[in-house]
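# Coordinate analysis (summary)
Here is how the chains run, residue by residue.
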Amino acid sequence: MAAADAPVPELQARADACAAQLCAADRVLLASHIDADGLTSAAVAATALERAGIPFEAVFEKQLDADSIAAIADRAYGTVLFTDFGSGQLDLIAEHERAGAFVPVVADHHQPADADTEHHLNPLLKGIDGASELSGAGASYVLARALAARSSADERLDNRDLAGLAVVGAVGDMQASEGDLRGANAAIVGEGVEAGVVEERKDLAVYGKQTRPLPKLLEYASDVRIPGITNDERGTVSFLDGLDVSCRADGEWRRWVDLSEGEKRTLASALVRRAVSRGVPAFKIDRLVGTSYVLTEEPVGTELRDASEFSTLLNATARYERADVGLAVCLGDRERALERARELLANHRRNLSAGIEWVEEHGVTREDSLQWFDAGSEIRETIVGIIAGMSMGADGVSRDVPIVAFAEKGDGETKVSGRGTGPLVGDGLDLSAAIGEAARAVGGDGGGHDVAAGATIPAGTEAEFIERADAIVGEQLE
Ligand code: C5P
Ligand code: C5P
Ligand code: C5P
Ligand code: ZN
């Protein structure tokens, strides 16, 4: 593909090398991460492999480590495509490559380990931020475009229709948390818009615009807290009833997507006025409006139409050992898989709200430069990171220092999840470095991004881990 036609020109040479290796393979093992970005990465890669006529099988892992990489090597595939992970474990992967176990192809956006391989596609290698400018699904999309250019005689099969999934992955990794997608992500959005599969629009930046009845939409929106509305059912209902907008139809509450443009504007301005009158600071009020990413080919009023709701639906499958269900939904199963995913979503929602309540009730412990809580076995280790992130700004949890959460993994191991904020990263916070270093010092390992990172450490080393992480974060923020 000519660099000028490439979605992310800086990555094109690497994408071409990866595509060439895949096209030369008899069959490929596709290994991906168990979250929304990992699932969409796998769906993008699987579709591209299938269209290129390359046989493959897909597997998912919670975390790539020595054991899971060895198990992958045992599968005896000559070529293994890692998506949304692999860079952080490139040293371990390269050992298997040297031993002749398999040729790795990596499309990832995590902080790379100190090793490289011939087929490695990662924004950080080209100065593109892997936490805010390109996700795993975005890296997989860049690869999918290169694969199409190499394998398809038909120009129309350029894989641009996969941009929607790439956007869901980026949003699922919170890369739009400053309001919109930027950098390489924005280029992918542009391709999706051109292909007619994505639409971007300024809209109310509240979760649930497709599926939540209006009172739930406003009451549960906790990012910007508005007294008398947030977590206040009666307040919300009386606010809605006081508007010059019919919020009900046939006795049922309408949803945001059911409103006309004019009704949306009326409701949004009333909400802003309410926030102003209750003393919500201007910078928070600005966060009430953001860019929404709509998957235009999905039915109105479903989780699949909104990138943020779609990503939560996927987390609800993959983080509960049902990545197969999420992948099937991404690949187009709108019957059994979607129905099962919705059941899993109901369960995930209950777990998220119970988890946040648990944190509010038990509180966090404040150190000099961070705050932490240990959920033991009260919160599932696969969602403790989401809960840590969502709890920042909840009762008793500050946004001025990063948060570290522990959860029991079993087998004598503890899961660590860390979350920061954009402003903290601006001040020098690098959680990937802090958590990775502190974990290795206590006999564990970890990594991730500057704003969000994780690790596994031996049970019993939590106190020492906190002491070390606190010192490192203190130095970073000095
Ligand atoms: O595996 P990994 O890349 O997929 O996950 C990224 C994690 O970082 C997500 O859980 C996401 O919620 C978190 N994140 C965050 N704030 C950001 C960017 C990412 O909490 N600004
Ligand atoms: O689950 P996930 O990390 O994808 O959620 C992304 C964001 O969507 C959360 O941080 C939260 O702000 C919002 N969310 C929500 N209600 C849910 C699920 C997610 O408000 N039930
Ligand atoms: O698991 P959690 O959601 O807290 O992960 C946050 C980020 O840290 C993710 O990008 C994840 O891939 C990364 N991580 C890692 N090594 C670990 C655990 C998490 O690189 N052992
Ligand atoms: Zn990711």
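Each remark here, short or long, concerns the structure printed above.
Residues numbered from 1 in each chain as written. Chains lettered and ligands numbered in written order. Predicted model: local features only at pLDDT ≥ 70, side-chain atom pairs only at ≥ 80, totals over all residues. Heavy atoms only, no water.

### Regarding the overall build of the protein chain
Rules: Strands here mean DSSP runs of E at least two residues long; helices mean DSSP runs of H or I at least four residues long; both are numbered from the N terminus. All radius of gyration figures rest on C-alpha atoms, and the globule criterion is 2.2 Å times the number of residues raised to 0.38. With a 1.4 Å probe rolled over the protein chains alone, any residue whose accessible area is under 20% of its type maximum counts as buried; one over 50% counts as exposed, and the rest are partly exposed. Any pair of residues with heavy atoms lying within 4.5 Å of one another is described as a contacting pair. Methods summary: accessible areas were calculated by the Shrake-Rupley approach with a probe of 1.4 Å, and residue burial reflects only the protein chains presented.
A tally of regular secondary structure across the protein chain gives 18 helices and 15 strands. Against the 2.2 N^0.38 benchmark of 23 Å for 478 residues, the protein chain shows a C-alpha radius of gyration of 22 Å, consistent with a compact globule. Dimensions of the protein chain, computed from C-alpha atoms along their principal axes, come out at roughly 70 × 55 × 40 Å. Across the 478 residues that make up the protein chain, the buried fraction comes to 53%. In the protein chain, the share of contacts with a sequence separation of at least 24, taken over all contacts with a separation of at least 6, comes to 66%. Surface summary for the protein chain: the accessible area is close to 20,000 Å², and the carbon and sulfur share equals 45%.

### Description of the environment of Asn315
Let me state the cut-off plainly: A 3.5 Å cut-off defines polar contacts: any pair of N or O atoms within that distance qualifies, except that in protein one atom must be a possible hydrogen donor and the other a possible acceptor, and neighbouring residues in sequence count only when both atoms are side-chain atoms.
Examined against the element boundaries, Asn315 turns out to sit in helix H12 (residues 307–318). Residue Asn315 is classed as buried on the basis of its relative accessible area of 7%. Separated by 33 residues in sequence, Asn315 and His348 have C-alpha atoms that sit 8.2 Å apart. When neighbours within four sequence positions are excluded, Asn315 is seen to be in contact with Asp35, Ala36, Tyr320, His348 and Ile386. Here Ala36 takes part through its backbone nitrogen, which lies 3.0 Å from a polar atom of the side chain of Asn315.

### Considering the coordination of the zinc ion (ligand 4)
Rules: Note: metal donors comprise N, O and S atoms at 2.8 Å or less from the metal (3.2 Å for Na, K and Ca); water molecules are not included, so apparent gaps in a site are possible.
Taken together, the protein donors to the zinc ion (ligand 4) comprise Asp37 (OD), Asp84 (OD), His109 (NE2) and Asp173 (OD), at separations of 2.1 to 2.3 Å. For the zinc ion (ligand 4), all donor residues lie on one chain, and their spacing in sequence is D-x46-D-x24-H-x63-D. With Asp37 in helix H2 (residues 36–51) and Asp84 in the loop between strand S3 (79–83) and helix H4 (90–98), this pair connects stretches of sequence that are 47 residues apart. Taking relative accessible area as the criterion, Asp37 reaches 0% and is therefore assigned buried.

### Digging into the site of ligand 3
For clarity, the cut-off: One heavy atom within 4 Å of a molecule or strand is enough for the residue carrying it to be called near that molecule or strand. All amino acids are sorted into three groups, where Ala, Val, Leu, Ile, Met, Phe, Trp, Tyr, Cys and Pro are nonpolar, Asp, Glu, Lys and Arg are charged, and the leftover types, Gly among them, are polar. Note that the domain bounds reflect an automated or database-derived domain assignment.
Taken together, 16 residues lie around ligand 3, and His110, Lys415, Ser417, Arg419 and Gly447 are the ones closest in. Separating an oxygen atom of ligand 3 from a side-chain N or O atom of Lys415 is a distance of 2.5 Å. At 3.4 Å, a side-chain N or O of His449 approaches an oxygen atom of ligand 3. In isolation ligand 3 offers 460 Å² of accessible surface; the protein chains occlude 87% of this area. Elements with a contribution of two residues or more to the shell around ligand 3: strand S13 (413–419), strand S14 (445–448) and strand S15 (452–458). If one sorts the elements of the shell around ligand 3 by residue count, S15 sits on top with 5 residues. Of the residues assigned to the shell around ligand 3, the class counts are 3 nonpolar, 10 polar and 3 charged. Both domains that meet at the shell around ligand 3, namely domain 1 (3–196) and domain 3 (363–476), each give it at least three residues.

By themselves, these are just geometric observations and shouldn't be taken as functional.
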